[in-house]
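# Observations on the model geometry
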Amino acid sequence: MNDHLIIGNKRISNRLFVGSGKYSSNALIPHIIQESGSQVITVAVRRVDFEATEDNLLNHIPPNTILMPNTSGARNAEEAVRIARLARAMGCGDWIKIEVITDSRYLLPDNLETLKATEMLVKEGFTVLPYMSPELITARRMRDAGAAAVMPLGAPIGSNQGLKTRELIKIMIDEIDIPVIVDAGIGKPSEAAEAMELGAAAVLVNTAIATAGNPVEMAVAFSLAVRAGRKAFLAGTATVLELAQASSPLTGFLD
């Protein structure tokens, strides 16, 4: 079955996106990508030392992987735009995940500043994927501004709490016509499957993989879960009933 995700000018078959932070060694990253089949990895521009000769993070990312730089550390739209321009100038391409965070306790994204950055960067030809608190009206505005997808959080970043914003994400999936990629907070493969069953276009997972006992095997587990969730969504899950309903007839030849 041809079920590719189209974002910008990219065709993506594996709907698990991965992060590049928190690993015990950057040397794990190519194994994560190879074993899980993930095609997209996000990298914080501020973590990349372009002059490093030994452990430059980018040297560990396989060449055919879609690089999605992010603007982690930006506190307003202007800083996010500056980081995005730097990433492109350094050869990281035109994809950019906008992160604007002013809340230091829960690390919740600033939707207003994120929208401003989205508007500016779309005009400069970037493929923009804004990370946001799930809220339908702002998501519509980001779509109208030209965002290629929106990336609502499932729970506070790095918390592994799961889909705490499930109902808000479901509303976004139902009501906007661009991909909704669940980002942040997913802690278990089962939660990634749940997000996909809702109709999410993809999920991005970092902490739950990077801090697992065996990160490579966990990446494989997440990849399988994402595939299962996607297949379940396309198949159409069964109706939830309030009362029991026998799966076999209660009458038959014994009568």
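Please read all numbers here as calculations on a predicted model, not as lab measurements.

### A closer look at helix 2 (residues 77-89)
For helix 2, built from 13 residues, the straight-helix expectation of 18 Å at 1.5 Å per residue is met to within 8% by its first-to-last C-alpha distance of 18 Å. Within helix 2, the full set of buried residues consists of A77, E79, A80, V81, I83, A84 and A87. For helix 2, the secondary structure elements touched by its buried residues are strand 5 (66-70), strand 6 (95-98) and helix 3 (111-123). Two to three positions downstream of the cap, the backbone nitrogen of E78 sits 3.2 Å from a side-chain oxygen, assigning the N-cap of helix 2 to N76.

### Here's the deal with the environment of S20
Residue placement: S20 occurs in the loop between strand 3 (16-19) and helix 1 (29-36). Residues S20 and I209, 189 residues apart in the sequence, show an inter-C-alpha distance of 9.9 Å. A polar atom in the side chain of S20 sits 2.9 Å from the backbone oxygen of T42.

### Digging into the layout of surface pockets
By volume, the largest pocket is sized at about 570 Å³. Sorting the residues of the lining of the largest pocket by element identifies strand 4 (40-44), strand 10 (202-205) and helix 7 (207-210) as the ones contributing at least two each. The dominant element in the lining of the largest pocket, judged by the number of residues it contributes, is strand 4, at three residues. Considered class by class, the residues forming the lining of the largest pocket number 11 nonpolar, 13 polar and six charged. Lining of the second largest pocket is provided by 11 residues; of these, D3, S13, R227, R230 and K231 occupy positions nearest its centre. Classifying every residue of the lining of the second largest pocket gives three nonpolar, three polar and five charged.

### Some words on the pattern of salt bridges
Applying the stated rule across the entire model yields 16 salt bridges. Residues R85 and E124 are paired through a salt bridge, measuring 2.5 Å at the closest nitrogen-oxygen approach. Here the residue R85 occupies a position in helix 2, and E124 occupies one in the loop between helix 3 and strand 7 (127-132), the gap between them amounting to 39 residues. Classification of R85 as partly exposed rests on a relative accessible area of 43%. The partner of E191 in a salt bridge is K188, and the shortest N-O contact between them spans 3.8 Å. Overall, the relative accessible area of 46% leaves K188 in the partly exposed class.

### Regarding the confidence of the model for the protein chain
In this model, the protein chain carries an average pLDDT of 90, and 93% of its residues clear a pLDDT of 70 or more. When the elements of the protein chain are averaged for pLDDT, strand 4 gives the smallest value, 91, and strand 8 (residues 151-152) the largest, 97.

### A word on the pairing of strand 7
With six of six residues buried, strand 7 lies mostly within the body of the structure. On strand 7, burial covers both faces: T127, L129 and Y131 on one face and V128, P130 and M132 on the other are all buried. The pairing of strand 6 with strand 7 spans four bridges and is classified as parallel. Counted as the bridge partner of K97 is L129 from strand 7. In terms of handedness, the path from strand 6 via helix 3 over to strand 7 forms a crossover that is right-handed.

### A look at unusual backbone geometry
Outside of glycine, negative phi angles account for most residues, and trans bonds account for most peptide bonds. The residue K22 is not glycine, and still its phi comes out positive at about 75°. Here K22 shows up in the loop between strand 3 and helix 1. K22 sits in the exposed class, given a relative accessible area of 52%. A positive phi angle, near 55°, is found at L107, a position not held by glycine. By the element assignment, L107 lies in the loop between strand 6 and helix 3.

Conventions and cut-offs
Residue positions are counted from 1 within each chain, in the order its sequence is given. Totals for whole chains, interfaces and linings use all residues, but because this is a predicted model, local features are given only for residues with pLDDT of at least 70 and pairs of side-chain atoms are given and counted only at 80 or more. Each side-chain value is worked out from all heavy atoms of the structure, with water and hydrogens disregarded. A run of H or I in DSSP counts as a helix once it spans at least four residues, and a run of E counts as a strand once it spans at least two, with each numbered from the N terminus. What a helix is expected to span follows from its residue count: subtract one and scale by 1.5 Å. Burial classification: accessible surface area is computed with a 1.4 Å probe over protein chains only, and a residue below 20% of its type maximum counts as buried, one above 50% as exposed, and the rest as partly exposed. Contacts are assigned to residue pairs that have any heavy atoms within 4.5 Å of one another. Here a polar contact is recorded for every N or O atom pair within 3.5 Å, except that within protein the pair must consist of a potential hydrogen donor and a potential acceptor, and residues adjacent in sequence are included only if both atoms are side-chain atoms. Think of a 1 Å grid over just the protein atoms. A cavity is a set of points where a 1.4 Å probe fits yet cannot get out, a pocket is an open set with protein on both sides within 12 Å along at least five of seven lines, and lining residues have an atom within 4 Å of a point. Grid points are joined across faces, edges and corners, and a volume is the space filled by probe spheres set on the points. Polar here means any residue outside two lists: the nonpolar Ala, Val, Leu, Ile, Met, Phe, Trp, Tyr, Cys and Pro, and the charged Asp, Glu, Lys and Arg; Gly therefore counts as polar. The salt bridge criterion pairs a side-chain nitrogen of Lys or Arg with a carboxyl oxygen of Asp or Glu, the two atoms within 4 Å. The quantity called pLDDT is the predictor's confidence in a given residue, expressed from 0 to 100. Two strands pair if DSSP finds at least two bridges between them. Orient the strands so they point away from the viewer; a crossover is then right-handed if the path from the first strand over the helix to the second runs clockwise.

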